[in-house]
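Chain and residue survey
Listed below, chain by chain, are the residues.
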Amino acid sequence: MIKQRILIVFGTRPEAIKLFPVVQTLADMPEMEVRTCVTAQHRGLLDQVLDIAGIVPDHDLDIMEPNQGLDRLTARLLTGVGSILDGEQYDRVIVQGDTATAMTGALAAYYRKIPVAHVEAGLRSGDIYHPWPEEVNRRMIAPIADLHFAPTEIAANALRNEGISRGVHVTGNTVIDALHATMARIAEQPDLASALDPVRARIGDRRVVLVTTHRRENFGDGMNQIATAIGRIAEREDVVVVFPMHPNPGVVSVMDRMLGDRGNVLRIDPLDYPSFIGALSLAHIVLTDSGGVQEEAPALGKPVLVMRETTERPEGVIAGTARLVGAQTEQIVAGVNELLDRPEAYLTMSRAHNPFGDGKSAARIADIIADAAVTSH
Ligand code: UDP
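Counting restarts for each chain, with residues numbered from 1 along the sequence as it is written. With pLDDT at 70 or above as the cut-off, local features in this predicted model cover only qualifying residues; side-chain atom pairs require 80 or more to be listed or tallied, and sums for whole chains, interfaces and linings still use all residues. Computation of side-chain values covers all heavy atoms of the structure but excludes hydrogens and water.

Right, let's talk about the sheet that holds strand β2 (residues 32–38) for a bit. In sheet architecture, strand pairing relies on hydrogen bonds along the backbone and comes in two forms, parallel and antiparallel. Pairing in this open sheet of seven strands is parallel, and the strands run β3-β2-β1-β4-β5-β6-β7 from one edge to the other. Of all the strands in the sheet, the pair left with one neighbour each is β3 (59–60) and β7 (168–170). DSSP calls a pair of strands paired once it identifies at least 2 bridges connecting them. Put simply, DSSP H or I for four residues or longer makes a helix, DSSP E for two residues or longer makes a strand, and each gets a number counted from the N terminus. By the bridge criterion, three bridges tie strand β1 (residues 4–10) to strand β4 (residues 92–96) in an arrangement that is parallel. Within β4, the residue paired with I8 across the bridge is I94. Any pair of residues with heavy atoms lying within 4.5 Å of one another is described as a contacting pair. Simply put, an axis is a line fit to the C-alpha atoms, just over the touching stretch for a helix, and the angle between two N-to-C directions goes from 0 to 180 degrees. Helix α4 (residues 100–111) contacts β1, β4 and β5 (116–119) of the sheet and is inclined by roughly 160° relative to β4.

A word on the site of the ligand. Neighbouring residues are identified by heavy atoms, a residue being near a molecule or strand if any of them is within 4 Å of it. Around the ligand there are 14 residues in total, and R215, L271, S290, G292 and E296 lie nearest to it. N or O atoms closer than or at 3.5 Å make up a polar contact, with two conditions inside protein: a donor-capable atom paired with an acceptor-capable one, and, for residues adjacent in sequence, both atoms drawn from side chains. Here R13 contributes a side-chain N or O atom positioned 3.0 Å from an oxygen atom of the ligand. In this structure, L271 approaches the ligand through a main-chain N or O atom, which is 2.7 Å from a nitrogen atom. Elements with a contribution of two residues or more to the shell around the ligand: α1 (13–27), α11 (273–282) and α12 (291–299). Amino acids outside the nonpolar list (Ala, Val, Leu, Ile, Met, Phe, Trp, Tyr, Cys, Pro) and the charged list (Asp, Glu, Lys, Arg) are all regarded as polar, and Gly is one of them. Residues of the shell around the ligand, tallied by class, amount to seven nonpolar, four polar and three charged.

UniProt positions are given in the numbering used here, feature names are shortened, and annotations may be inferred rather than shown by experiment. Here, the residues flagged by UniProt with the feature "domain: UDP-N-acetylglucosamine 2-epimerase" (unreviewed entry) are residues 26–369. Summarising residues 26–369: 47% helix, 15% strand, and an end-to-end C-alpha distance of 9 Å.

On to the side chain of N218, then. Relative to the assigned elements, N218 resides in the loop between β8 (207–212) and α9 (221–233). You can call N218 buried: its relative accessible area is 5%. A distance of 3.1 Å separates polar atoms of two side chains, one belonging to N218 and the other to D289. At a separation of 3.0 Å, a polar atom in the side chain of N218 contacts the main-chain carbonyl oxygen of M307. Only protein chains enter the area calculation, which uses a 1.4 Å probe; residues under 20% of their type maximum are buried, those over 50% are exposed, and those in between are partly exposed.

Now for helix α6 (residues 153–161). Listed as buried for α6 are A155, A156, A158 and L159. Here the buried residues of α6 occupy an arc of 155° about the axis, which is enough to place them on one side. In this structure, the buried side of α6 is in contact with β6 (147–150), β7 and α13 (314–319). Note that the arc is computed from the directions linking the helix axis to the C-beta atoms.

This part takes up the side chain of R92. Examined against the element boundaries, R92 turns out to sit in strand β4. Exposure remark for R92: the relative accessible area of 4% places this residue in the buried category. Only 2.9 Å separates the side chain of R92 from the side chain of D146, close enough to count as a polar contact.

Each Phe, Tyr or Trp ring (for Trp, its six-membered ring) is paired with any other whose centre lies within 6.5 Å, and the angle between the two planes then decides the class: stacked below 30 degrees, edge-to-face above 60, tilted in between. Summed over the entire model, instances satisfying the criterion amount to one aromatic pair. Taken together, a centroid distance of 6.0 Å and an interplanar angle of 45° make the contact between Y110 and Y111 tilted. Whether a charge lies above a ring is judged from NZ of Lys or CZ of Arg, which has to be within 6 Å of the ring centre and within 35 degrees of the ring normal. Over the aromatic face of Y90 sits the side chain of R5, whose NZ or CZ is 5.0 Å from the ring centroid.

Most of β8 sits out of view: five of its six residues are buried. Pairing geometry for β8 and strand β9 (residues 239–244), over four bridges, is parallel. Counterpart to L210 in the pairing with β9 is V242. Chirality of the crossover, the property in question, places the unit of β8, α9 and β9 among those that are right-handed. Direction of pairing for β8 relative to strand β11 (residues 285–288): parallel, over a ladder of four bridges. If you follow V209 over to β11, its bridge partner there is I285. Viewed with both strands pointing away, a crossover whose connecting path from the first strand over the helix to the second turns clockwise is right-handed.

Residue P131 is reached from H130 by a cis peptide bond, and omega for that bond is 0°. Among the secondary structure elements, P131 is positioned in the loop between β5 and α5 (134–141). Here the amide bond leading from W132 into P133 is cis, since omega sits at 0°, within 30 degrees of zero. Phi at N67 takes a positive value of approximately 55°, unusual for a residue other than glycine. The residue N67 is located in the loop between β3 and α3 (70–87) in this model. For N67, a relative accessible area of 80% translates into the label exposed. In the Ramachandran plot, E120 falls in the positive-phi region, its phi being about 65° despite a non-glycine side chain. With respect to the helices and strands, E120 occurs in the loop between β5 and α5.

Turning our attention to the nonpolar core. Here, the term nonpolar core denotes a set of buried Ala, Val, Leu, Ile, Met, Phe, Trp, Tyr and Cys residues that are joined through side-chain atoms within 4.5 Å. Ranked by internal contacts, the top residues of the largest apolar core, which has 57 residues, are I8, L26, I94 and I369. Considering each element in turn, this core owes the most residues, seven residues, to α1. For L26, the residues in contact, after removing those within four places along its chain, are I6, I8, M32, V34, I94, A366 and I369. The next biggest cluster of nonpolar side chains, apart from the first, holds 31 residues, and it includes I226, A229, I230 and V251.

This part is about the packing of α1 against helix α7 (residues 174–188). Contact pair α1 / α7: the axes reach a minimum separation of 8 Å and the direction vectors enclose 80°. By the angle class used here, α1 and α7 are roughly perpendicular. Here I17, K18, F20, P21 and V22 of α1 lie close against α7, whose contacting residues are T174, V175, D177, A178 and T182. Throughout, the term roughly parallel applies to angles under 35 degrees, roughly antiparallel to angles over 145, roughly perpendicular to angles from 65 to 115, and oblique to all others.

See below:
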């Protein structure tokens, strides 16, 4: 049997979470020879996921440097992935999402005329500066890839509107596969989520507002407004804010300065993935500017207030599981208070249908990749 040799390239925590189901599914197929290349664009957060997913990368470019500008990061990623592709023969490269790693991975493959599959294709905000630089990263991958795994019909249509119709497949989002697999593992092995135990002990009978924020577009004024909103929400005695903080100084320094030590704001280090899923399960409301969290929370019936002006995931808003509140104190506080004080508003959001997938996306993606190889031979 001629095996298809595939290089899967990723560099950040969300890419690792969304790709581990694909890595595992492809690796189980006898006709595939799968190699992984991590760029380690986010070293610490990435390694947590690799450990849990049991992935030992075949190549580790270890590209992270403090205060590295986008020019230098992009140049180093491109030459790094390029040198791996020059070292061995590959039939296909797989990238995910909209990071600098994904964009440069696709470009390095294109320069060598190696076909590229793009997981989570077709997300668009329509504004190249929101999110920046992700909107342009993902747009640049579209004309290069020959297989586009769109999580939803809306994403597939966005690609068609850009003139890309061949190779577009609606697969659902692999984040739901990762979520299901991880929940099943936690059920068998509760210790996996034990980083949450100290938090759980401090919650009591208060309702949990789970907060994450890390988006560059919110650095500066947006982060100040978010911090003020958290402070206001935490004035309520029936609420505890659980806030795993992204290590970026654009987040940590503002929160240190504006929130200090407050009894009902539990600011903690980023949680490992199973513990974060545990935190999502405990949450009453989720307040986030994260992409992945917007997709996970509805699958667990948790209303999401999105602290952004726009989202490339309108499906959540359309389905009624998510609402945009911007990075503005008044709107954030009003959104949270409404959900805390109006049970019918809460139920409407928490019962809405999760539009992001059924947990079988990785199997669909693997089958399509296998078929594409057969057709091209
Ligand atoms: N996540 C995690 N630990 C945390 C916060 C988030 O494992 O403390 C996970 C979360 O489950 C989701 C992913 O990280 O799958 C989202 O990553 P992030 O918000 O950094 O990036 P985005 O999804 O916005 O690209």
